[in-house]
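Residues per chain are reported as follows:
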Amino acid sequence: MRILGILLLSGFFAAGGFAFGELFRQRYKDTKFLLSLCIHLSREISYSGKNLKSCFSSYPDSKRAECLAFFQKREFEHAFKGLHIERSLKEELLLFFRTLGSGDKEQEEQRCRRMIALLEQEESKLCSGIKEQIRVARTVGVCIGGVLLLLLL
Amino acid sequence: MPAMSFLENNLPSVLSYLLKESTEPEELRLCLHRPVVVKTRREKRISPVICTRALLEETLARLTEYSFYNHSDTVKEGYLSLPYGIRAGICGSALFQNGKISGIKDLCFLSVRIPRNIKNAALPLFSRLKSNGFTSGALLYSLPGVGKTTVLKDLIRLLSESGLSLAVIDERGELSSEASPLDTAVYRYYRKADAIVMAVKTSCPQMLILDEIGVTEQEALISAACCGVPVVASAHGSSETEILSRAAFKPLFREGIFSLLAGLTRKESELFYHFSFAHEVKGADH
């Protein structure tokens with residue numbers, strides 16, 4: 001019984017390491033999604049003449065439908081709840097989305113360009129370190145699990 | 001009424017409530033730091049709601065469905081074209097770039113005009129046009145807010161139902177708010193002068209209809225008349241002599257583009273017509 005408990009505890013930490021690694025991957029995916037959403041919005045604002053709600057609804061990614069529904073309803077806080085992004089970036093994005101649509105075309109294009117540049121920077125930062133971060137998280141998890149196993153057995 | 005439901009859904013709740021409790025509202029006027037005014041068909045009501053900058057900005061954002069960028073061109077000209085033929089007049093301080101208005105700041109006034117559809121409002125005018133075999137043009141005039149656009153909308157319906165091919169020049173999206181009538185080419189949001197030339201050249205209309213003509217449409221209207229297309233248009237004006245003596249319209253009457261003058265007045269909700277023929281009006285120098 002004791003051995004089983006120790007094995008479970010070690011397994012839990014190892015799995016935690018893997019899950020933590022997945023969080024990095026998810027953060028990268030979500031940043032990529034937001035970048036592609038901003039590019040899409042920028043194009044729609046410049047060329048389609050659609051209103052903002054239709055710009056969100058025409059984003060071609062069915063996997064993100066739930067999140068996009070919140071964007072359409074201007075419930076940005078809710079939309080960001082399911083996204084894993086850095087806190088400072090989240091605040092920038094919230095401000096961006098809350099004020100999006102209030103200026104003329106030129107102002108909106110400029111705002112979108114600025115946000116796209118910021119997201120591209122974040123994406124490349126995440127991209128360069130993502131493999132390493134995942135490996136570190138997994139290794140740390142497995143190591144803690146292993147240490148606990150050795151100590152408690 | 002789709003226009004009313006659009007406004008009820010897209011106005012701040014306090015304004016939406018004001019509209020709901022008014023009978024037959026026609027216009028909502030918001031002036032910064034002043035009470036909101038609701039104009040109905042019968043009265044002008046001053047509400048207890050004071051218009052703040054936040055209320056003005058929220059109204060603008062909601063009316064444009066948070067897509068102000070789609071309206072920046074018309075804002076420079078002082079209005080917003082909204083769905084279902086709703087028009088909002090907008091004013092503030094002008095911003096200039098290279099000597100031209102590039103935008104506005106410090107919004108201080110907003111007026112939302114709610115379109116009406118009155119069936120058979122244009123029947124007297126339609127009958128006059130019909131008696132001429134739809135071969136002559138007419139100029140509909142009245143003071144602002146009497147119902148020229150309402151009459152033109154109904155006239156489009158009546159003419160279209162009688163089987164005429166029409167071209168409607170709808171620069172502000174007010175005339176063609178409902179589903180397009182049968183056999184009608186609608187030039188929505190085009191500049192009037194450009195659209196007149198296009199319509200005559202490409203859509204072979206039997207009649208051309210447009211709202212609120214001015215100096216800029218003069219040449220295009222003359223060229224349309226040269227092609228034999230009768231024109232029905234509207235203009236602001238208080239009397240036939242005033243209309244006929246207006247410099248901008250003189251060439252149009254000289255060319256015989258508008259042989260019929262239709263003056264429109266309103267008492268409460270009833271419309272009254274005063275018809276005259278341009279060449280018969282005394283005291284006008286044309």
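Just so we're clear, the structure is a prediction, and the values are computed from it rather than from any experiment.

1. Quick notes on the overall build of chain A
Part 1: Looking only at helices and strands, chain A has 6 helices and 0 strands in total.
Part 2: Relative to a compact globule of 153 residues, whose C-alpha radius of gyration would be 15 Å, chain A shows 20 Å and is clearly more extended.
Part 3: Overall, the C-alpha framework of chain A stretches about 70 × 30 × 25 Å when taken along its three principal axes.
Part 4: A separation threshold of at least 6 residues defines the contact pool for chain A, and within that pool the share at least 24 residues apart is 72%.

2. So, the confidence of the model for chain A
Atom-level detail of predicted coordinates should not be read off regions where pLDDT is low.
Part 1: Here chain A averages 88 in pLDDT, and 100% of its residues register 70 or above.
Part 2: Taking the mean pLDDT of every element in chain A, the minimum, 86, falls on helix α6 (residues 105–152) of chain A and the maximum, 93, on helix α5 (residues 87–99) of chain A.

3. Remarks on the sheet that holds strand β2 (residues 35–40) of chain B
Residue and element names in this part refer to chain B.
Part 1: One open sheet accounts for 6 strands, arranged β3-β2-β1-β6-β5-β4; its pairing is antiparallel. Looking at strand neighbours, the two that pair on one side only are β3 (44–50) and β4 (79–81), the edges of this open sheet. For this sheet the average axis-to-axis angle between neighbouring strands, irrespective of direction, equals 35°.
Part 2: Relative to β3, β2 runs antiparallel, the two sharing 4 bridges. Counted as the bridge partner of Pro 35 is Ile 50 from β3.
Part 3: Each of β1 (25–31), β4, β5 (87–97) and β6 (100–113) is contacted by helix α3 (residues 53–63), which is oriented at about 95° to β6, the strand it contacts most.

4. Details of the sheet that holds strand β13 (residues 270–277) of chain B
Strands pair in a sheet through their backbones, by hydrogen bonds, and they do so in one of two ways: parallel or antiparallel.
Residue and element names in this part refer to chain B.
Part 1: One open sheet holds the 7 strands; their spatial order is β9-β8-β10-β11-β7-β12-β13, and the pairing between them is mixed. Each of the sheet's edge strands pairs with one partner strand only, and the pair in question is β9 (184–188) and β13. The average undirected angle you get between the axes of adjacent strands in this sheet is 20°.
Part 2: Note: strand β12 (residues 260–267) against β13, 8 bridges, orientation antiparallel. When the sheet's bridge partners are listed, Leu 260 is paired in β13 with Phe 277.
Part 3: Of the strands in this sheet, β8 (166–170), β9 and β10 (207–210) touch helix α7 (residues 192–202), which is tilted by about 165° from β8.

5. Points about helix α8 (residues 218–226) of chain B
Residue and element names in this part refer to chain B.
Part 1: When we look at burial in α8, the residues that qualify are Ala 220, Leu 221 and Ala 224. In a view along the axis of α8, the buried residues occupy a sector of 100°, so they form one face of it.
Part 2: Within two residues after α8, Gly 228 carries a phi angle of roughly 80°, on the positive side.

6. Digging into the interface of chain A and chain B
For an interface, size is often stated in terms of accessible area lost upon the parts coming together.
Part 1: Facing the 12 residues of chain A at the interface are 9 residues of chain B.
Part 2: At the level of secondary structure, the elements contributing two or more residues to the side of chain A that touches chain B comprise α2 (52–57) and α6 of chain A.
Part 3: Of the residues contributing to the side of chain A that touches chain B, the split by class is 2 nonpolar, 5 polar and 5 charged.

7. Describing the domain arrangement of chain B
Part 1: The domain boundaries assigned to chain B delineate domain 1 (2–113) and domain 2 (123–280).
Part 2: Counting from both sides, the interface comprises 7 residues of domain 1 of chain B and, opposite them, 7 residues of domain 2 of chain B.

8. Things to note about the packing of α7 of chain B against α8 of chain B
To describe two helices that pack against each other, one gives the angle between their axes and the distance between the axes.
All names here are of chain B.
Part 1: Contact geometry for α7 and α8: axes closest at 8 Å, N-to-C directions at 15°. Here α7 lies roughly parallel to α8, going by the angle between them. In terms of crossing hand, the pair formed by α7 and α8 is left-handed. The segment α7 lies against α8, with Ala 193, Ile 196, Val 197 and Val 200 engaging Ala 220, Leu 221, Ser 223 and Ala 224.
Part 2: Its residues assigned to classes, the contact of α7 with α8 comprises 7 nonpolar, 1 polar and no charged.

9. Observations regarding the environment of Asn 120 of chain B
All names here are of chain B.
Part 1: With respect to the element layout, Asn 120 can be found in the loop between β6 and α5 (123–131).
Part 2: Owing to 10 C-beta atoms within 10 Å, Asn 120 belongs among the exposed residues under this scheme.
Part 3: The sequence separation of Asn 120 and Leu 264 amounts to 144 residues, and the corresponding C-alpha distance is 14 Å.

Reading the values: the criteria
- Residues numbered from 1 in each chain as written.
- Chains lettered and ligands numbered in written order.
- Predicted model: local features only at pLDDT ≥ 70, side-chain atom pairs only at ≥ 80, totals over all residues.
- Helix = DSSP H or I, 4+ residues; strand = E, 2+ residues; numbered from the N terminus.
- Rg over C-alpha atoms; globule rule 2.2 N^0.38 Å.
- Contact = placed C-beta atoms within 7 Å.
- pLDDT = per-residue confidence, 0-100.
- Pairing = 2+ DSSP bridges.
- Axes fitted to C-alpha atoms, helices over the stretch in contact; angles between N-to-C directions.
- Buried ≥ 20, exposed ≤ 12 C-beta atoms within 10 Å, placed from the backbone.
- Arc of directions from axis to C-beta.
- Nonpolar A, V, L, I, M, F, W, Y, C, P; charged D, E, K, R; others polar.
- Domains from an automatic or database assignment.
- Parallel < 35°, antiparallel > 145°, perpendicular 65-115°, else oblique.
- Left-handed = near helix turned anticlockwise from the far one by under 90°.

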